[in-house]
Amino acid sequence: QVQLVESGGGLVQAGGSLRLSCAASGGTFSRYTMAWFRQFPGKDREFVGGISWLGGPIYNKDSLKGRFTISRDNAKNTVSLQMNSLIPEGTAIYYCAARSSSVVVYRVQSEYDYWGQGTQVTVSS
């Protein structure tokens, strides 16, 4: 059973930065596609970005690509989401997700097998 644990969320002022981390255990992390989703109040989870075990992250929107960076460390079984220039509209619960044995980064939450518990990110104006 794969377990994912996110950390690094919190309260930050607009324009600030946060780095979220997701630690994986219980599986062959190096073969997983990892992704970050976020959920706004009353909405479904939204794909933020992801990275396969081959590398080369992709992002949901061009506006995120310049401010968000996804990276993975297969030696430490972690995936990170560096968020810069945060805006209040980015306030959400951020989730880490994993899909085993895949080289494709899916943008749909139903394609992922494992989820973390989520971490709250609040951006104040």
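Residues numbered from 1 in each chain as written. Predicted model: local features only at pLDDT ≥ 70, side-chain atom pairs only at ≥ 80, totals over all residues. Heavy atoms only, no water.

When you look at the state of the cysteines in this model, what are you seeing that I'm missing?
Working definition: the covalent bond between the sulfur atoms of two cysteines is a disulfide. Evaluation of the coordinates by the stated rule reveals one disulfide. Residue C22 pairs covalently with C96 via a disulfide, S to S 2.1 Å. The S-S bond linking C22 to C96 shows a torsion near -75°; that makes this disulfide left-handed. Within this pair, whereas C22 is found in strand 3 (residues 18-25), its partner C96 is found in strand 9 (residues 92-99), the two being separated by 74 residues in sequence. Both residues of the pair, C22 and C96, count as buried. (Disulfide = S-S within 2.5 Å. Helix = DSSP H or I, 4+ residues; strand = E, 2+ residues; numbered from the N terminus. Buried < 20%, exposed > 50% of the residue type's maximum accessible area, 1.4 Å probe, protein only.)

Where do I start with the environment of S80 in this structure?
Along the chain, S80 turns up in strand 8 (residues 78-83). Between the alpha carbons of S80 and C22 there is a distance of 6.2 Å; along the sequence they are 58 residues apart. Excluding residues that lie within four positions of it along the chain, S80 makes contacts with R19, L20, S21, W36, T69, I70 and S71. (Contact = heavy atoms within 4.5 Å.)

How should I be thinking about the sheet that holds strand 7 (residues 68-73) in this particular structure?
In a beta sheet, neighbouring strands are held together by backbone hydrogen bonds and run either parallel or antiparallel to one another. Strand order in the open sheet formed by four strands is 1-3-8-7, with antiparallel pairing between adjacent strands. Two strands lie at the open edges of the sheet, namely strand 1 (3-7) and strand 7, each paired on one side alone. Sheet twist, expressed as the average angle between the axes of neighbouring strands with direction ignored, equals 15°. (Pairing = 2+ DSSP bridges. Axes fitted to C-alpha atoms, helices over the stretch in contact; angles between N-to-C directions.)

In short, the description is geometric, and any link to function would need to be established separately.
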